[in-house]
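Listed here are the chains, written in short residue letters.
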Amino acid sequence: MTEAALRDSICRFGRSLFERGLTPGASGNISVRLDDGGWLCTPTDASLGWLDPARIARLDRNRVLLSGDKPTKEIPLHDALYDTRPDAGAVVHLHSTHAVALSTLPDLDPTEVLPPITPYIVMRVGKLALIPYHMPGDPAVGEAIRGLAGKHSAVLLANHGPVVAGRSLDAAVFAIEELEETAKLALLLRNLNPRLLTPDQVAALVRRFTP
């Protein structure tokens, strides 16, 4: 896909996420890794619903701004996922309601925040890790993600929101949408003792659909 087409895709997906209420106001950010090791990424304090392809930030492999508006302050978390997930082609971070609500609960398993409620959370997201609270833009969040050693394609920032890396922008967006829907289900089913996928069922899905 050409850089121009990627810019258009970022804007199209951003508008779709915004219009469906998955990231309000000027929250959330999207990046795409380019073949030369640089990135395209959404500007800081920009609404994903009103992105201009020409103003998407273009960074070189050293994260130096080459063109476009100043990039998102969340560069550290994107950088950490690209560094630890070599197959990642895109990263999406949202402030989606149910995932944020889930991130505030006190009794979460930090290595697997979401239980295997459906096959699709296993196929598209895998095990969701919880990252302790850091101020937005704090480089320490990147170090916390690096500490996971690339074992997770998705993380949930406590009191903040989800971040997902995918092989492509489409894959990252679809995965974070699945994450939000599963967070909603988890909250609806909380304390109801739902039937989850068995370990054998999860293992079979992982073997066939590793995210």
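Just above sits the structure.
In short, a report on the structure.

Rules used in this analysis
Residues numbered from 1 in each chain as written. Predicted model: local features only at pLDDT ≥ 70, side-chain atom pairs only at ≥ 80, totals over all residues. Heavy atoms only, no water. Helix = DSSP H or I, 4+ residues; strand = E, 2+ residues; numbered from the N terminus. Rg over C-alpha atoms; globule rule 2.2 N^0.38 Å. Buried < 20%, exposed > 50% of the residue type's maximum accessible area, 1.4 Å probe, protein only. Contact = heavy atoms within 4.5 Å. Lys, Arg positive; Asp, Glu negative; His and termini not counted. Charge placed at Lys NZ, Arg CZ, Asp CG, Glu CD. Axes fitted to C-alpha atoms, helices over the stretch in contact; angles between N-to-C directions. Parallel < 35°, antiparallel > 145°, perpendicular 65-115°, else oblique. Left-handed = near helix turned anticlockwise from the far one by under 90°. Nonpolar A, V, L, I, M, F, W, Y, C, P; charged D, E, K, R; others polar. Expected span 1.5 Å × (residues − 1). Pairing = 2+ DSSP bridges. Polar contact = N/O pair within 3.5 Å; in protein donor to acceptor, adjacent residues only side chain to side chain. Core = buried A, V, L, I, M, F, W, Y, C linked by side-chain atoms within 4.5 Å. Phe/Tyr/Trp six-rings, centres within 6.5 Å; stacked < 30°, edge-to-face > 60°. Lys NZ or Arg CZ within 6 Å of the ring centre and 35° of its normal.

**Description of the overall build of the protein**
At step 1: Looking only at helices and strands, one finds seven helices and eight strands in the protein.
At step 2: Since a compact globule built from 211 residues should have a radius of gyration of about 17 Å, the 16 Å found for the protein is in line with a globular shape.
At step 3: Across its three principal axes, the protein shows a C-alpha extent of roughly 50 × 35 × 30 Å.
At step 4: Evaluated residue by residue, the protein yields a buried proportion of 49% over its 211 residues.
At step 5: Considering only intrachain contacts with a sequence separation of at least 6, the fraction spanning at least 24 residues in the protein is 67%.
At step 6: Positive and negative charge centroids in the protein, built from 22 and 24 side chains respectively, lie 3 Å apart.

**A look at the packing of helix 2 (residues 75-84) against helix 5 (residues 139-146)**
At step 1: Contact pair helix 2 / helix 5: the axes reach a minimum separation of 7 Å and the direction vectors enclose 20 degrees. If you check the angle between helix 2 and helix 5, you find them roughly parallel. As helix 2 packs across helix 5, the resulting crossing turns out to be right-handed. For the pair helix 2 and helix 5, contact is made by Pro-76, Leu-77, Asp-79, Ala-80, Leu-81, Asp-83 and Thr-84 and by Pro-139, Val-141, Gly-142, Ile-145 and Arg-146, respectively.
At step 2: Across the contact of helix 2 with helix 5, the residue classes tally to seven nonpolar, two polar and three charged.

**Re helix 1 (residues 3-19)**
At step 1: End to end, helix 1 covers 24 Å across 17 residues, agreeing with the expected 24 Å (1.5 Å per residue, within 8%).
At step 2: Buried-residue contacts for helix 1 involve strand 1 (29-33), strand 2 (39-41), strand 3 (57-59), strand 4 (65-67), strand 5 (90-93) and helix 6 (169-188).
At step 3: Downstream of helix 1 by a residue or two, Gly-21 has a phi angle that is positive, lying close to 75 degrees.

**Observations regarding unusual backbone geometry**
At step 1: In the Ramachandran plot, Asp-45 falls in the positive-phi region, its phi being about 55 degrees despite a non-glycine side chain.
At step 2: Structurally, Asp-45 can be placed in the loop between strand 2 and strand 3.

**A few points about the sheet that holds strand 1**
At step 1: Read from one edge of the open sheet, eight strands run 4-3-2-1-5-8-7-6, paired in mixed fashion. Looking along the sheet, the strands with just one partner apiece sit at the ends: strand 4 and strand 6 (129-131). Each neighbouring strand pair of the sheet contributes to a mean axis angle of 25 degrees, computed without reference to strand direction.
At step 2: Across three bridges, the pairing between strand 6 and strand 7 (residues 154-157) is parallel. Paired with Ile-131 across the bridge in strand 7 is Leu-157.

**Some remarks on the side chain of Thr-23**
At step 1: Tracing the backbone shows Thr-23 in the loop between helix 1 and strand 1.
At step 2: A distance of 2.8 Å separates a polar atom in the side chain of Thr-23 from a polar atom in the side chain of Ser-27.
At step 3: A polar side-chain atom of Thr-23 sits 3.2 Å from the main-chain amide nitrogen of His-95.
At step 4: Sequence-distant contacts of Thr-23, defined by excluding residues within four places in its chain, comprise Leu-17, Phe-18, Gly-28, Leu-48, Leu-94 and His-95.

**Focus on the nonpolar core**
At step 1: Among the nonpolar cores identified, the biggest contains 41 residues, and Ile-10, Val-92, Leu-114, Leu-169 and Leu-179 are the most heavily contacted of them.
At step 2: A total of eight residues in this core trace back to one element, the largest contributor, which is helix 6.
At step 3: Formed by 19 residues, the second largest nonpolar core is a distinct cluster that contains Trp-39, Ala-80, Leu-157 and Ala-165.

**Some thoughts on the environment of Leu-6**
At step 1: Structurally, Leu-6 is set in helix 1.
At step 2: Along the primary structure Leu-6 and Ser-31 are separated by 25 residues, whereas in three dimensions their C-alpha atoms are 10.0 Å apart.
At step 3: Residues contacting Leu-6, with those up to four places away along its chain left out, are Met-1, Val-32, Leu-34 and Leu-40.

**What about the packing of aromatic side chains?**
At step 1: Inspection of every chain in the model, using the stated rule, returns two aromatic pairs.
At step 2: Summarising the aromatic geometry, the rings of Phe-13 and Phe-174 are spaced 6.3 Å apart at their centres and angled 80 degrees between planes, so their arrangement reads as edge-to-face. Taken as a pair, Phe-13 in helix 1 and Phe-174 in helix 6 lie far apart in primary sequence, 161 residues in all.
At step 3: By relative accessible area, Phe-174 is classed as partly exposed at 41%.
At step 4: Their ring planes at 50 degrees and their centres at 5.1 Å tell us that Trp-39 and Tyr-82 sit as a pair that is tilted. Here Trp-39 is found in strand 2, whereas its partner Tyr-82 is found in helix 2, with 43 residues between them in sequence. Comparing Trp-39 with Tyr-82, the two get one shared label, buried.
At step 5: In this structure, Arg-12 packs its charged tip against the face of Phe-13, placed 5.4 Å from the ring centre.
At step 6: Here Arg-15 stacks its cationic end above the ring of Trp-50, 4.4 Å away from the centre of that ring.

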